[in-house]
Amino acid sequence: MHYHGHHHGTANILKLSFFATILFVGIEAIAGFRSGSLALVSDAGHNFTDALALVLATVGVYMQSKPADSVKTFGYHRAGVLTAFVNALTLVAIAVFIFYEAWQRFLHPMPIQEWTMLWVAAASVALNGGIMLSLFRDKDHDINIRATFIHMLGDAVSAVGIVVGALAIHFTGYAVIDPVLSVLIGVLIVWSAWDIIQESLNVLLEGLPRGMQLNEVTGAMREIDGVIDVHDLHIWSLGSSAHALSCHVLIEDMPPSESNAILQRLNDVLCRFEIRHSTVQFEHTKCAMSDAPCSILVTSQQHEHQH
């Protein structure tokens, strides 16, 4: 794995970013409650979605750098995804609380210490900006890191919004700006949590990995020398970035020493699709069930039916 050192650096950046973010979430939430600013409280919630994206990315990077032969990696993969799922549901609950509170504030406006609001939001901009800079280099290799980067960007933007809002409250005296901002941030929280819910549910339901087309994979496999047909193909995700595949491959009758070369070529093709765990069953005669349930995943016109 020539990436290992590179992954290691990334993992460390992610870990540090995570702890910094969690610490800041605590500070921001307390400052929000004490200054009476609901926008700060909701920004703390939004920062928490970032921490969640960081956990997902860390688990992803960590799993890629661990050898995939021990039983444990499977378990950890799912644990990370499951954690993300539960946390994302928690975030939706936080957003509901924010919407309710904001409604209360619309009815009974509260005094706000806008300077506290301003400084804490400015710190939030600095924190998110710093993490974005440190991830900038890696955001093109890894879908998790790209997702994290986008989260950070969204959060930096909302924190800038709070800074502007705090100034507006100071100069106009309209305290209602605060709940308006918090509702907007609440919408952002639901939006990012929804994305995580969808992605983690897809993994938990053994769905096809995001962005992958079944027919592209089968097509690439069928083009390999020596492969006559591919069927009973299943592809699923172990975690956010490790994919597994199982299938039956029809080949000419030959000794295992020759079919090994075909297997090697198959694995090379699957690596292009980021599939590192594969179980391939070779067959030398047409699958007896090829007209029956065995081929659920393959459309019938791809089989030469024996009439």
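About the thresholds
Position labels on residues start from 1 in each chain and follow its written sequence. With the structure being a predicted model, the display of local features is reserved for residues of pLDDT at least 70 and the display and counting of side-chain atom pairs for 80 or more, all residues being used for whole-chain, interface and lining totals. Calculated side-chain values reflect all of the structure's heavy atoms, with hydrogen atoms and water omitted. As used in this record, nonpolar core signifies buried Ala, Val, Leu, Ile, Met, Phe, Trp, Tyr and Cys residues forming a set joined through side-chain atoms within 4.5 Å. Working definition: with a 1.4 Å probe on protein chains only, accessible area under 20% of the residue-type maximum means buried, over 50% means exposed, and in between means partly exposed. Runs of H or I in DSSP of at least four residues are treated as helices and runs of E of at least two as strands, each being numbered from the N terminus. Any two residues whose heavy atoms approach within 4.5 Å are treated as being in contact. By the convention used here, strands pair only if DSSP detects at least 2 bridges between them. With its strands directed away from the observer, a crossover is right-handed exactly when the path from the first strand over the helix to the second travels clockwise. The criterion for an aromatic pair is that two Phe, Tyr or Trp rings (for Trp, the six-membered ring) have centres within 6.5 Å, with stacked assigned to planes under 30 degrees apart, edge-to-face to planes over 60 apart and tilted to the rest. A helix's residues, less one, multiplied by 1.5 Å, set its expected span. Scored from 0 to 100, pLDDT reflects the predictor's confidence in each residue. When we speak of the arc, we mean the arc of directions from the helix axis to the C-beta atoms. Structural elements are reduced to axes, namely lines fitted to C-alpha atoms, with helices fitted over the stretch in contact, and the angle between N-to-C directions of any two is expressed from 0 to 180 degrees.

## Let's talk about the nonpolar core
Leu-40, Met-117 and Ile-162 are the most contacted members of the largest nonpolar core, which has 38 residues in total. Of all the elements in the fold, those that place two or more residues in this core are helix H1 (4-35), helix H2 (38-65), helix H3 (72-107), helix H4 (114-135), helix H5 (143-172) and helix H6 (177-204). Counting residues per element, this core draws most heavily on H4, at eight residues. In this view, Ile-162 contacts Ala-39, Leu-40, Asp-43, Met-117, Ala-121, Leu-181 and Ile-185; residues no more than four positions away in its chain are not counted. Met-212, Leu-233, Ile-251 and Val-280 belong to the second largest nonpolar core, which has 21 residues in total.

## Quick look at the pairing of strand S2 (residues 243-251)
Each regular strand displays side chains that alternate between the two surfaces of the sheet. Among the nine residues in S2, nine count as buried, and that is most of the element. Two elements, strand S1 (residues 227-237) and S2, share eight bridges in a ladder whose sense is antiparallel. Residue pairing in the sheet places His-234 in a bridge with Ser-246 of S2. In the classification by handedness, the crossover that spans S2, the intervening helix H8 (residues 256-272) and the parallel strand S3 (residues 275-283) is right-handed.

## Some words on the packing of aromatic side chains
Evaluated as defined, the whole model comprises two aromatic pairs. A centroid spacing of 6.0 Å and a plane angle of 55 degrees characterise the contact between Phe-136 and Phe-149, whose relative ring orientation is tilted. Of this pair, Phe-136 sits in the loop between H4 and H5 while Phe-149 sits in helix H5, placing them 13 residues apart in sequence.

## Looking at H6
Over its 28 residues, H6 runs 40 Å from end to end, which matches the ideal 40 Å to within 8%, given 1.5 Å per residue. Count one or two residues on from H6 and you reach Glu-206, which has phi positive near 55 degrees.

## As for the confidence of the model for the protein chain
Chain-level pLDDT for the protein chain is 79 on average; 81% of the residues reach the 70-or-more range. Confidence, read as mean pLDDT per element, is least for H2 in the protein chain (78) and greatest for H4 (90).

## Some points on H8
Here H8 contains 17 residues, and its C-alpha end-to-end distance of 24 Å stays within 8% of the 24 Å for a straight helix at 1.5 Å per residue. Turning to H8, its buried residues are Ser-259, Ile-262, Leu-266, Val-269 and Leu-270. With its buried residues spanning 100 degrees around the axis, H8 presents them on a single face. Exposed and facing more than 90 degrees away from the buried side of H8 are Ser-257 and Arg-272. Those residues of H8 that are buried are in contact with helix H7 (214-222), S1, S2 and S3. Looking one or two residues past H8, Glu-274 carries a phi angle of roughly 65 degrees, positive in sign.

## A word on the sheet that holds S3
Taken together, three strands build an open sheet; the order of strands is S1-S2-S3 and the sheet is mixed. Each edge of the open sheet is held by one strand with a lone partner, namely S1 and S3. Along the sheet, successive strands turn relative to each other by an average axial angle of 20 degrees, direction set aside. Of the strand pairs in this sheet, S2 and S3 are connected by eight bridges, and their pairing is parallel. Looking at the pairing, His-248 lines up with Gln-281 of S3. Each of S1 and S2 is contacted by H7, which is oriented at about 145 degrees to S1, the strand it contacts most.

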